[in-house]
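# Overview (structure and organization)
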Amino acid sequence: MSEYQYYEFQAIDRPLTANEQAEIRKLSSRVQPTPTQAVFVYNYGDFRGSPEEILATYFDAMLYIANWGSWQLMFRLPKAIAKASLFQPYELPNAIAISTTPEYLILNITINDEPIDGWVEGEGWLSRLLPLRDDLLQGDLRLLYWVWLRVANALAGYTLDDDPIEPPIPPNLSQLSEPLQAFIEWVEFNPDLVTAATQASQTQSIPDDNQSLEAGLLRLSPAEQQEFLLKLVRREPHVDLQLINRLKELTASPRSTPQATPGFRRLSELTAIADRLSKEREDREQQALKKQ
């Protein structure tokens, strides 16, 4: 089997300058960076430098896949919005790591598994997964739960207990958005295990607290009003989320993000449910074949 490694970086909050693109070109003679993207493909050799450092310096998202069974997804998140404490219950050595720079929080998701069967292609995946970054910035933790469950079997008995208890269960696991469906497809997630996990997830709607947030505008000091106006004029990214978060602090408004519930099921329980669902599905398929 020939080697295949694919790295893709994307800038979301601001485009790269000409000088920054020139710095990216130094990493490979074949890379052709644009103001928003850089792609590296290797059939032999390896990436020069640290992907995490390149992300932290220039980009907002990175995807990596190798045909020996490695997947990596990294997001650079502004510290003005993203809070490490929100992600820490899902932090997992060798799988979900959180690091910081003076301005950013770096979320590093890594999955190592068996070699991938068949043809491996990296192109096109990151654009499908990019909306997950906005979800994380708004407090949607479903991605991190799915990552934990995807790697739990491989890490049980090592960085996890022999039969670990699942992390906090985010609401709305059964309502998979297109980006979450793309992630599950990309990392070759067992669909029966996905279905098993959704059974304990609550369905919650986002409360409409616009009225209280609008009232909070009157509590902003003149200096803060000026600060947010300047951010808008400078076209800084995510000013809306920063303002909403500040208004919630001023009004003691309930979070607009549905809340997770404590995990209580062990991995063996989830696996047993998945095995039962798989057998039931196979039985239905056999019955359908007999009726043909």
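A brief structural summary. (Residues numbered from 1 in each chain as written. Predicted model: local features only at pLDDT ≥ 70, side-chain atom pairs only at ≥ 80, totals over all residues. Heavy atoms only, no water.)

## Considering the pairing of strand β5 (residues 96-100)
As a reminder of what qualifies: Each pair of strands is called paired provided DSSP finds at least two bridges between the two strands. Here a strand is any run of E in DSSP of at least two residues, a helix any run of H or I of at least four, and the numbering for each starts at the N terminus.
Relative to strand β6 (residues 104-112), β5 runs antiparallel, the two sharing five bridges. Within β6, the position partnered with Ile-96 by the bridge is Ile-109. The loop that links β5 with its antiparallel partner β6 comprises three residues.

## Some words on the environment of Trp-68
Note the following rule: Exposure classes here rest on a 1.4 Å probe applied to the protein chains alone. A residue is buried below 20% of its type maximum, exposed above 50%, and partly exposed in between. Should any heavy atoms of two residues lie within 4.5 Å, those residues are considered in contact. Under the rule applied, a polar contact is a pair of N or O atoms within 3.5 Å (in protein, one hydrogen donor and one hydrogen acceptor; residues adjacent in sequence only if both atoms are side-chain atoms).
For Trp-68, the position within the fold is in the loop between β3 (61-66) and β4 (70-78). Exposure remark for Trp-68: the relative accessible area of 36% places this residue in the partly exposed category. Along the sequence, Trp-68 and Ala-80 sit 12 residues apart, while their C-alpha atoms lie 37 Å from each other. Excluding residues that lie within four positions of it along the chain, Trp-68 makes contacts with Glu-3, Gln-5, Asp-113, Glu-114, Pro-115 and Ile-116. At 3.2 Å, the side chain of Trp-68 and the side chain of Ser-70 are in polar contact.

## Overview of the sheet that holds β3
Within a sheet, each strand pairs with its neighbour through backbone hydrogen bonds, oriented either parallel or antiparallel. Note the cut-off: The axes are straight lines fitted to the C-alpha atoms, using for helices just the contacting stretch, and the angles between their N-to-C directions are given from 0 to 180°.
With antiparallel pairing, the six strands of this open sheet are ordered in space as β2-β1-β3-β4-β6-β5. The two strands at the open ends of the sheet, each matched to only one other strand, are β2 (37-42) and β5. Between one strand and the next, the sheet's axes are offset by a mean angle of 10°, whatever the strand orientation. As judged from the six bridges shared by strand β1 (residues 5-10) and β3, these two strands associate in the antiparallel manner. Note on β3: the bridge partner recorded for Tyr-7 is Tyr-64.

Read these as geometric descriptors, not functional statements.
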